[in-house]
Amino acid sequence: MITRRRIMKFAGAATLAPALATRSFGQNWPNRFVRLVVPFPAGGGTDVVARIIANRLSEIWGQQMVIENKGGAGSNIGADAVARAEPDGHTLLIGSLPMAVNRFLYPSLSYDPIIDFAPVSLMCLYPNLMVVPNSSPAKSVVEFIAHAKANRGKISFASAGTGTSTHLSGVLFKRLTGIEMTHVPYRGAGPALNDVIPGRVDVMFNTIGGMLQQVRAGQLRGLAVTTAQRFPTAMEFPTVAEAGVPGFEDSSWYALFAPVKTPPEIVRKLHADTVAVLAEPATKAALERVGVVVVGSTSQELAKHLKAETELWGPVIRAAGIKVDE
């Protein structure tokens, strides 16, 4: 399995443009509102990140960036809509992990995540946080593994749904530790947490932004983050790797894509303006408050990242036999 440690280095090494793009290219773009398709329902993490970035770009362009929530089929409906859209830079996609894993989860896709999109920028990374109920005997990752081995066949883990990052983190954890855990999928993270908190399910890997408040309020016990490094605004949690599972590394992400035939000068301007916005202290602070690390990569780095994610998760999903019924 390939290492992904280099991915987190983007957060410190990526080129974040110091100023907004000049008008030397893409001068006539945008000449009307820009649709940013969020392939999930309103109110989720993707939606929140999209709105923070879209609000600032709207101010810069003098044209509204309109969020269009187009959820369904694990993000496939929204992604397909953008892949088929007119490639004039006025319809864009905020993509995430499904861009890398859906080809392995679904019997067929109506689009190709690599061929049908022009990568713009890897905007943010974020970890999942491994949590257990306060009633759990496990006070650390090592203690949880020992507890699971002592109770083989009795341990369950919750997720926000089959094929989500919350599911795949658990699958990767099982694979690297050799423990048994029964997957319990829910329709979203909220219902899952409602069963984790009282101890009806033994463990969950969920986005840190969605759980940090509950953990710090004492409703849950946080054990570790899934990324290669500790999370900047939650340094009290070790990584899963340093807490007892060498080689474990799992980052979720948000990235910006355009239809593949979008003119290169528009993609360049879109990239320059996006990474400039991400570099602004106010935008960066707003994004960090919702639990993400700002990256702002080049288009080429995003293409490499998507390829690396595809190569990582393909073998994991196949080995686990994970499928999503359409």
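Residues numbered from 1 in each chain as written. Predicted model: local features only at pLDDT ≥ 70, side-chain atom pairs only at ≥ 80, totals over all residues. Heavy atoms only, no water.

Colleague: Tell me about the packing of helix α2 (residues 45-61) against helix α9 (residues 264-279), and name the residues and values.
Modeller: Running from N to C, α2 and α9 point in directions that differ by 115°, and their axes come no closer than 10 Å. The way α2 lies across α9 gives a crossing that is right-handed. Counted together, I53, R56, L57, I60 and W61 of α2 and K269, L270, D273, T274, V277 and L278 of α9 form the full contact between these two elements. Across the contact of α2 with α9, the residue classes tally to 7 nonpolar, 1 polar and 3 charged. (Axes fitted to C-alpha atoms, helices over the stretch in contact; angles between N-to-C directions. Helix = DSSP H or I, 4+ residues; strand = E, 2+ residues; numbered from the N terminus. Left-handed = near helix turned anticlockwise from the far one by under 90°. Contact = heavy atoms within 4.5 Å. Nonpolar A, V, L, I, M, F, W, Y, C, P; charged D, E, K, R; others polar.)

Colleague: Go over the nonpolar core with me, naming the residues and quoting the values.
Modeller: Grouped together as the largest cluster of nonpolar side chains are 50 residues, with contacts concentrated most on V141, F144, F173, W253, F257 and W313. Per-element accounting of this core gives the leading share, 6 residues, to helix α11 (residues 299-320). Judged by nonpolar contacts, the second largest core, of 31 residues, contains L36, V38, V120 and V292. (Core = buried A, V, L, I, M, F, W, Y, C linked by side-chain atoms within 4.5 Å. Buried < 20%, exposed > 50% of the residue type's maximum accessible area, 1.4 Å probe, protein only.)

Colleague: I'd love a proper account of the environment of I322, names of residues and values included.
Modeller: Looking at the element boundaries, I322 is found in the segment after α11. By relative accessible area, which is 7% here, I322 ends up buried. Put simply, I322 and V131 are 191 residues apart on the chain and 23 Å apart in space, counted from C-alpha to C-alpha.

Colleague: Please set out the packing of aromatic side chains residue by residue, giving values where relevant.
Modeller: Counted under the stated rule, the structure contains 7 aromatic pairs. Where F117 meets F257, the ring centres are 6.1 Å apart and the plane angle is 70°; that geometry is what we call edge-to-face. Of this pair, F117 sits in strand β4 (residues 117-132) while F257 sits in strand β9 (residues 251-259), and the two are 140 residues apart along the sequence. When sorted by exposure, F117 lands in the same class as F257, which is buried. (Phe/Tyr/Trp six-rings, centres within 6.5 Å; stacked < 30°, edge-to-face > 60°.)

Colleague: Describe helix α10 (residues 281-289), and please don't skip the residues or the numbers.
Modeller: Along α10, the residues that are buried comprise T283, A286 and L287. Along α10, the residues classed as buried sweep out an arc of 95° about the axis, all on the same side. Facing away from the buried side of α10 by over 90 degrees, the exposed positions are P281 and R289. Elements that come into contact with the buried residues of α10 comprise α2, β4, α9 and β10 (293-294). Where α10 terminates, the next one or two residues include G291, which has phi positive at roughly 95°. (Arc of directions from axis to C-beta.)

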